[in-house]
Amino acid sequence: MTGKTNSGKKRFSLQFKLTAAFLAFTLLLFSLIGIFVNFLLEKQFENYVIDKIAQRNSSIVSNLEARYTDWGGKWDAAGLENIGVNALGDSLMLRVSDADGTVLWDAMTHNSGMCATMLQDLAENMKGYNAGFTGGYEEKTFPVTVGQNIVGNVSIGYYGPYYYTDNDINFLNSLNQLLLIATLIAAAVSFVFGAIMAKRLSSPISRVIHTAGKIAQGKYDDRIHEKSNTTEIVELTQAINILAETLAKQEALRKRLTADVAHELRTPTANLQSHIEAMIDGVWELDAARLESCHEETVRISKLVSDLENLARFEADNLILKKEDFDLARLIFKIEKSFESDISHRNIHVTQDISARRLTADEDKIEQILVNLISNALKYTPEGGSIEIRTAETPAAIVISVKDSGIGISSEDLPYIFERFYRADKSRSRATGGSGIGLAIVKFLVEAHGGLVTVESKPGEGSEFTVMIPKEPLP
Ligand code: ADP
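Model, not experiment: these values are computed from the prediction.

**Student:** Is there a simple way to explain the overall build of the chain in this structure?
**Tutor:** Secondary structure assignment for the chain yields 12 helices and 13 strands. Relative to the 2.2 N^0.38 estimate, which gives 23 Å for 475 residues, the radius of gyration of the chain is 52 Å and therefore markedly larger than a compact globule would have. For the chain, the spread of C-alpha atoms along the principal axes amounts to about 160 × 60 × 35 Å. In the chain, which comprises 475 residues, the proportion classed as buried is 35%. In the chain, the proportion of contacts linking residues at least 24 apart, taken out of those at least 6 apart, comes to 69%.

Written out as structure tokens, the structure is:
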């Protein structure tokens, strides 16, 4: 949760930042809502108080009118005093005069000290509640009418434009306190909620950091199983899991390749070493046949190295396929030409059945696929045999097949022939110079095109390799 200093710059954890952001946001939001609600309530209350003053004024006037009639159509000094003292209780100062303007009762003369204190208290109340409040003594005069006749006037004095009594101020203060408490409760709830949310967001990220750190150390077996309902987090954890898996597979492949290469090199180098040592020690005479055998071993080693180079080159190019539309028939013709001397030398009968003439794919890679398949067909077909190269088109793919009448492949070997360094018959392939990489390259290149390579074969009858390259790459 805490901050870290790195090269002078303070850094904070995601969890800390999210919690702080949540808290700040809620505090700001609730403060704004509080200020707004407070403003609205005060405005409403102010209007209510102003209305109340107006109602009291009119009820005083109508009371005076009613009492005038009760008193037999004349003013009664004791009755007026009663009304005036009551009004003082409501912080209103009355001055009643008759129709001629003679003052009959005046709150100021009745008790000027009390009136002054009352005005002073109200001024203090209002200033105490709102320091910027500007107000003072105000007076309104109303005629007292009985029937059609004005029988007198009443001036109502009060602290204006409006005033709050002690009760009003208590009510407003408790309202503000409630708003403050609500804001604090909301802030506390949002702090807890924010902290939980932040933890839920940051813990899978911490997990990703942990796993990425392990990957960096070359440990690929750690997987993230934490669940999350945030799309980006799910995608991030999936990406890390896939990365770890891919790296683990590549690491396994690399280890296997190293072991396979060591294994493949051991036999020819051991042979070479023992032959040369035997000749140095004089156990063997140094003659042309023995030198020839040493030479064969070196040729085998360099063939293996160049096959490996090829494989490495294609694997490195993995994703870079330069797909374009090209003349497949012309390519097949060109490859057949390159094997011409071997074909005629071994009296192999090659036929073509080209139904699909064009293909959209990486021409260089398709050439490599065909060279490997045709050279295998030639290698494993005895003199006088036949090879048939066919192309056809289906709605979804272009199909190329290379069929030979050669030695065939046993059903035990068939599942493995596309694996690196796998040779059905080691002694025979030693004679043919095969290293068991050709078909691995074919499979890799066909799959890079989103295609499929299959084989059908019967020992003694021949083999047929079929390559399907989809017209639209499979998703
Ligand atoms: P190699 O360089 O040994 O030919 P490949 O990967 O091309 O390596 O082939 C793997 C093995 O599959 C070969 O050693 C051989 O036993 C078998 N094979 C491949 N093509 C044919 C074929 N046309 N006829 C018979 N066997 C074949």
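**Student:** How should I be thinking about the domain arrangement of the chain in this particular structure?
**Tutor:** For an interface, size is often stated in terms of accessible area lost upon the parts coming together. Domain boundaries in the chain define domain 1 (11-182), domain 2 (220-319) and domain 3 (321-470). A separation of 97 Å is found between the C-alpha centroids of domain 1 and domain 2.

**Student:** How do you make sense of the packing of helix 10 (residues 363-379) against helix 12 (residues 438-448) when you look at a structure like this?
**Tutor:** Two quantities define a packed helix pair, namely the angle between the axes and the distance from one axis to the other. Viewed as axis vectors pointing N to C, helix 10 and helix 12 meet at an angle of 145 degrees, and their least axial separation amounts to 9 Å. As for the relative orientation of helix 10 and helix 12, their crossing is left-handed in sense. Touching Lys 365, Gln 368, Ile 369, Asn 372, Leu 373 and Asn 376 of helix 10 are Gly 438, Leu 439, Ile 441, Val 442, Leu 445 and Val 446, all from helix 12. Split into classes, the residues belonging to the contact of helix 10 with helix 12 amount to 7 nonpolar, 4 polar and 1 charged.

**Student:** How should I be thinking about the site of the ligand in this particular structure?
**Tutor:** Not every one of the 19 residues close to the ligand is listed here, only the nearest: Asn 376, Tyr 380, Asp 404, Ala 424 and Leu 439. Looking at the shell around the ligand, the elements with two or more residues in it are helix 10, helix 12 and strand 13 (462-470). By residue class, the composition of the shell around the ligand is 9 nonpolar, 7 polar and 3 charged.

**Student:** Help me out: how do you make sense of the environment of Pro 459 in this one?
**Tutor:** Its location among the elements puts Pro 459 in the loop between strand 12 (452-458) and strand 13. The class of Pro 459 is exposed, set by a relative accessible area of 53%. Once the C-alpha coordinates of Pro 459 and Phe 142 are considered, the two residues, 317 residues apart in sequence, prove to be 127 Å apart. Sequence-distant contacts of Pro 459, defined by excluding residues within four places in its chain, comprise Ile 407, Gly 408, Ile 409 and Ser 410.

**Student:** Please explain the nonpolar core as it appears in this structure.
**Tutor:** Soluble globular proteins tend to pack their nonpolar side chains together in the buried interior. In this structure, Leu 328, Leu 359, Ile 366 and Leu 370 are the most contacted members of the largest nonpolar core, which totals 44 residues. Here this core gets 7 residues from one element, more than from any other, and that element is helix 10. Shared between two domains, this core holds at least three residues of each, these being domain 2 (220-319) and domain 3 (321-470). Excluding residues within four positions of it along the chain, Leu 370 makes contact with Leu 328, Leu 331, Ile 332, Ile 335 and Ile 400.

**Student:** Could you clarify how one ought to interpret the sheet that holds strand 5 (residues 136-146) in this entry?
**Tutor:** Read across the open sheet, the 4 strands follow the order 4-3-6-5; overall the sheet is antiparallel. The open sheet has two free edges, formed respectively by strand 4 (103-106) and strand 5, since each of these has just one partner strand. Averaged over all pairs of adjacent strands, the angle between strand axes in this sheet comes to 15 degrees, irrespective of strand direction. Summarising the sheet, strand 3 (residues 93-98) and strand 6 (residues 149-160) pair through 6 bridges and their orientation is antiparallel. Along strand 6, the bridge assignment pairs Arg 95 with Ser 155.

**Student:** Can you help me understand the packing of helix 1 (residues 14-70) against helix 2 (residues 77-89) in this one?
**Tutor:** Between helix 1 and helix 2, whose axes approach to 11 Å, the crossing angle comes to 165 degrees. In terms of orientation, helix 1 lies roughly antiparallel with respect to helix 2. Taken as a pair, helix 1 and helix 2 cross one another with a handedness that is right-handed. Note on element contacts: helix 2 touches helix 1 through Leu 80, Ile 83 and Ala 87, opposite Ile 60, Asn 63, Leu 64 and Arg 67.

Conventions used here
- Residues numbered from 1 in each chain as written.
- Predicted model: local features only at pLDDT ≥ 70, side-chain atom pairs only at ≥ 80, totals over all residues.
- Heavy atoms only, no water.
- Helix = DSSP H or I, 4+ residues; strand = E, 2+ residues; numbered from the N terminus.
- Rg over C-alpha atoms; globule rule 2.2 N^0.38 Å.
- Buried < 20%, exposed > 50% of the residue type's maximum accessible area, 1.4 Å probe, protein only.
- Contact = heavy atoms within 4.5 Å.
- Domains from an automatic or database assignment.
- Axes fitted to C-alpha atoms, helices over the stretch in contact; angles between N-to-C directions.
- Left-handed = near helix turned anticlockwise from the far one by under 90°.
- Nonpolar A, V, L, I, M, F, W, Y, C, P; charged D, E, K, R; others polar.
- Near = heavy atom within 4 Å.
- Core = buried A, V, L, I, M, F, W, Y, C linked by side-chain atoms within 4.5 Å.
- Pairing = 2+ DSSP bridges.
- Parallel < 35°, antiparallel > 145°, perpendicular 65-115°, else oblique.

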